[in-house]
Amino acid sequence: MSEKPRVSLAPVRLEYRASAGRGLSRSLAALMEGRIVGQRCPVCAKVYVPSRGACPSCGVVLSEDVVVSETGTLVSFCVVNIPLADRSLPLPYVHGSVLLDGADIPFSHLLQGLPVEEVRMGLRVRAEWVPGPERKPSLESIRCFRPTGEPDAPFHAYMEHL
Ligand SMILES: [Zn+2]
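So, a few notes on the structure that sits alongside this text.

Conventions used here
- Residues numbered from 1 in each chain as written.
- Predicted model: local features only at pLDDT ≥ 70, side-chain atom pairs only at ≥ 80, totals over all residues.
- Heavy atoms only, no water.
- Core = buried A, V, L, I, M, F, W, Y, C linked by side-chain atoms within 4.5 Å.
- Buried < 20%, exposed > 50% of the residue type's maximum accessible area, 1.4 Å probe, protein only.
- Helix = DSSP H or I, 4+ residues; strand = E, 2+ residues; numbered from the N terminus.
- Contact = heavy atoms within 4.5 Å.
- Phe/Tyr/Trp six-rings, centres within 6.5 Å; stacked < 30°, edge-to-face > 60°.
- Patch = residues over 30% accessible without salt bridge, like charges linked within 9 Å, V, L, I, M, F, W, Y side chains within 5 Å.
- Areas by Shrake-Rupley, 256 points an atom, 1.4 Å probe, with all protein chains shown as cover.
- Salt bridge = Lys/Arg side-chain N within 4 Å of Asp/Glu carboxyl O.
- Polar contact = N/O pair within 3.5 Å; in protein donor to acceptor, adjacent residues only side chain to side chain.

## Some details on the nonpolar core
Core analysis: the largest hydrophobic core is formed by 21 residues, its most contacted members being I36, V49, V68, L100, L111, I142 and F145. Those elements that provide at least two residues to this core are strand 3 (64-68), strand 5 (93-100), strand 6 (107-111), strand 7 (124-129) and strand 8 (142-147). Setting aside its immediate chain neighbours within four residues, L100 contacts I36, V49, V68, S69, E70, T71, G72, F107 and F145.

As structure tokens, then:
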């Protein structure tokens, strides 16, 4: 019963092209201007950031652009202890799901400015933008999220968005 665990290490790389579509294209362009834009579903009123083009719950096209806040709440996170090829961050670091104020769906981004032992659900965070000339039509225009110093959001404020 003392069989050794079997481990296979293999580099994996995927390359693909995706068309952004109209809504996501507007969201990406807004990031270059330092604004975060999502889209609201005309049926359930959920705001998707970044835009997805259609509401996966209602199956309808999203057409109303909504500017959301650059502040939000950390609703979940993971501590990364494995170096990644495209990140030169000291380990460990935190990647988390941020629910922006005015949005209904969290998205994943880097969290900085706090020891990993102090990171917690409900932490209030703000986007830190890269300088304007360096921005791209990408979420990489946001360098990271950092704590705002506000009191943590209570669990009931974000529990339906996990
Ligand atoms: Zn909907």
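Here the narrative resumes, following the displayed structure.
## Considering the environment of G113
For G113, the location among the structural elements is in the loop between strand 6 and strand 7. In sequence terms G113 and L89 are 24 residues apart; their C-alpha atoms lie 13 Å from each other. Each residue touching G113, except ones within four places of it in the same chain, is listed here: R146 and P147.

## What about the packing of aromatic side chains?
All chains considered together, the criterion is met by two aromatic pairs. For the pair F107 and F145, a centre-to-centre distance of 6.0 Å together with 65 degrees between the ring planes defines the contact as edge-to-face. One end of the pair, F107, is in strand 6; the other, F145, is in strand 8, with 38 residues separating them in the sequence. Its relative accessible area of 0% is what places F145 among the buried residues. For the ring pair F155 and Y158, a centre distance of 5.4 Å and an interplane angle of 80 degrees mean the geometry is edge-to-face. Y158 sits in the buried class, given a relative accessible area of 4%.

## Looking at unusual backbone geometry
For the bond from V49 to P50, the omega torsion is -10 degrees, close enough to zero to count as cis. Secondary-structure assignment places P50 in the loop between strand 2 (47-48) and strand 3. Omega for the bond connecting L91 with P92 falls within 30 degrees of zero, at -10 degrees, which places this linkage in the cis form. Its place among the elements puts P92 in the loop between strand 4 (71-80) and strand 5.

## Side note on a nonpolar patch on the surface
There is a patch of nonpolar side chains on the surface, built from F77, V79, M121, F155, M159 and L162 and spanning about 530 Å² of accessible area. Inspection of the secondary structure puts V79 in strand 4. On the basis of relative accessible area, V79 is assigned to the partly exposed category, the value being 36%.

## So, the side chain of H161
Here H161 lies in the segment after strand 8. In terms of polar contacts, H161 uses its side chain to reach the backbone carbonyl oxygen of D104, at 2.8 Å. Residues contacting H161, with those up to four places away along its chain left out, are V75, L99, D104 and P106.

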